Amino acid sequence: MNLIVAVDKNWAIGCGNRLLVSIPQDMKFFRETTTGKIVVMGRKTLESFPGGKPLKNRVNIVLSTNKDYSVKDAIVVHTVEEVVEELKKYNAEDVYCIGGESIYRQLLPYCDTAYVTKIDHAYQADSYFPNLDENEEWELTKISEEQTYFDLEYYFTIYERVK
């Protein structure tokens, strides 16, 4: 399984159930990378989307501990074990964990590749992604040229699980 995330200098990913910043090139990368694929997310991430609706042209799998939770056009599961079981139906290379914080933390052990947009700025935040630079199970394998959006600098990076 893959994961895709945008983080700031402190590996922060959000504040108040919203992204820290919306960078058009990062959004485009996310769309191009996940369209036609399987995305796994938590309920709060789904509810942060426009209209609280699943992403178009993808299989949306939502993890919620609420047994009564249901969403049109999404597969709802209630435990990590159910996620793992559901994902057996798909090619692992086509699966992307897209957050939020607790979902990333629960599914990180099942991921082999992390697509991380690193934003060179520190934001006010209340949710964080585990720092892969400090995790010996992960190594940075690719980093893009510096990208800019107005005065914001960022990089597209790929981390891979050390085999």
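Up top you'll find the structure we're talking about.
It should be emphasised that the depicted structure is a prediction, and the values quoted were computed from it without experimental measurement.

Student: Which residues make up the sheet that holds strand E3 (residues 18-19), and what values go with them?
Tutor: Spatially, the 3 strands line up as an open sheet ordered E3-E2-E9, and their pairing is antiparallel. Whereas interior strands pair on both sides, the edge strands pair on one side only; in this sheet they are E3 and strand E9 (127-128). Sheet analysis places strand E2 (residues 12-15) next to E9, joined by 2 bridges and oriented antiparallel. When the sheet's bridge partners are listed, Gly-14 is paired in E9 with Ser-127.

Student: Residues and numbers for the pairing of strand E1 (residues 2-7), please.
Tutor: The buried count for E1 comes to 5 of 6 residues, which makes it a mostly enclosed element. Judged from the 2 bridges that link them, E1 and strand E7 (residues 95-97) form a sheet pairing that is parallel. Note that in E7 the partner of Asn-2 across the bridge is Tyr-96. Relative to strand E8 (residues 113-119), E1 runs parallel, the two being bridged by 6 bridges. When the sheet's bridge partners are listed, Leu-3 is paired in E8 with Ala-114.

Student: Break down helix H3 (residues 80-87) for me, citing the residues and quoting the values.
Tutor: When we look at burial in H3, the residues that qualify are Val-80, Val-83, Glu-86 and Leu-87. Looking straight down H3, one finds that the buried residues subtend no more than 120 degrees of arc, so they occupy a single side. Where H3 is buried, its residues contact strand E4 (38-42), strand E5 (59-63), strand E6 (75-77), E7 and helix H4 (101-107).

Student: Give a detailed account of the environment of Tyr-69, specifying residues and quantitative values.
Tutor: Within the secondary structure, Tyr-69 sits in the loop between E5 and E6. Judged by its relative accessible area of 15%, Tyr-69 is buried. Each C-alpha atom of the pair Tyr-69 and Ala-122 lies 35 Å from the other, and the pair is 53 residues apart in sequence. Ignoring anything within four residues of it in the chain, the contact list for Tyr-69 reads Arg-43, Leu-46, Glu-47, Val-62, Ser-64, Val-76 and His-78.

Student: Outline the state of the cysteines, listing residues and values.
Tutor: Applying the stated criterion across every chain, the model contains 0 disulfides. The structure places no disulfide on Cys-111, whose sulfur is separated from the nearest cysteine sulfur, that of Cys-97, by 5.4 Å. Judged by its relative accessible area of 1%, Cys-111 falls in the buried class.

Student: Would you mind going over the pattern of salt bridges in detail, with residue names and values included?
Tutor: Under the definition given, this model contains 10 salt bridges. In this structure, the salt-bridge partner of Lys-9 is Asp-120, at a minimum N-O distance of 3.7 Å. Of this pair, Lys-9 sits in the loop between E1 and E2 while Asp-120 sits in the loop between E8 and E9; the two residues are 111 residues apart in sequence, bridging distant segments of the chain. Looking at Lys-9, the relative accessible area reads 52%, which means it is exposed. Here the residues in one salt-bridge network are Asp-112, Glu-137 and Arg-161, joined through shared partners.

Student: Describe in detail the nonpolar core, supporting the description with residues and values.
Tutor: Within the largest apolar cluster, 27 residues are counted, with the highest numbers of intra-cluster contacts made by Leu-3, Phe-129 and Leu-132. If we ignore the near neighbours within four places in the chain, the residues touching Phe-129 are Leu-3, Val-5, Val-7, Trp-11, Ile-13, Tyr-104, Arg-105 and Leu-108. Grouped together as the second largest cluster of nonpolar side chains are 15 residues, Leu-55, Val-62, Val-71 and Ile-98 included.

Student: I'd like a description of the side chain of Asn-60, backed by residues and values.
Tutor: With respect to the element layout, Asn-60 can be found in strand E5. Accessibility expressed as a relative area gives 1% for Asn-60, which makes it buried. Among the polar contacts listed, one links the side chain of Asn-60 to the backbone oxygen of Arg-58, at a separation of 3.1 Å. Each residue touching Asn-60, except ones within four places of it in the same chain, is listed here: Val-39, Met-41, Pro-54, Leu-55, Asp-73, Ala-74 and Ile-75.

Rules of the game
Residues numbered from 1 in each chain as written. Predicted model: local features only at pLDDT ≥ 70, side-chain atom pairs only at ≥ 80, totals over all residues. Heavy atoms only, no water. Pairing = 2+ DSSP bridges. Helix = DSSP H or I, 4+ residues; strand = E, 2+ residues; numbered from the N terminus. Buried < 20%, exposed > 50% of the residue type's maximum accessible area, 1.4 Å probe, protein only. Arc of directions from axis to C-beta. Contact = heavy atoms within 4.5 Å. Disulfide = S-S within 2.5 Å. Salt bridge = Lys/Arg side-chain N within 4 Å of Asp/Glu carboxyl O. Core = buried A, V, L, I, M, F, W, Y, C linked by side-chain atoms within 4.5 Å. Polar contact = N/O pair within 3.5 Å; in protein donor to acceptor, adjacent residues only side chain to side chain.

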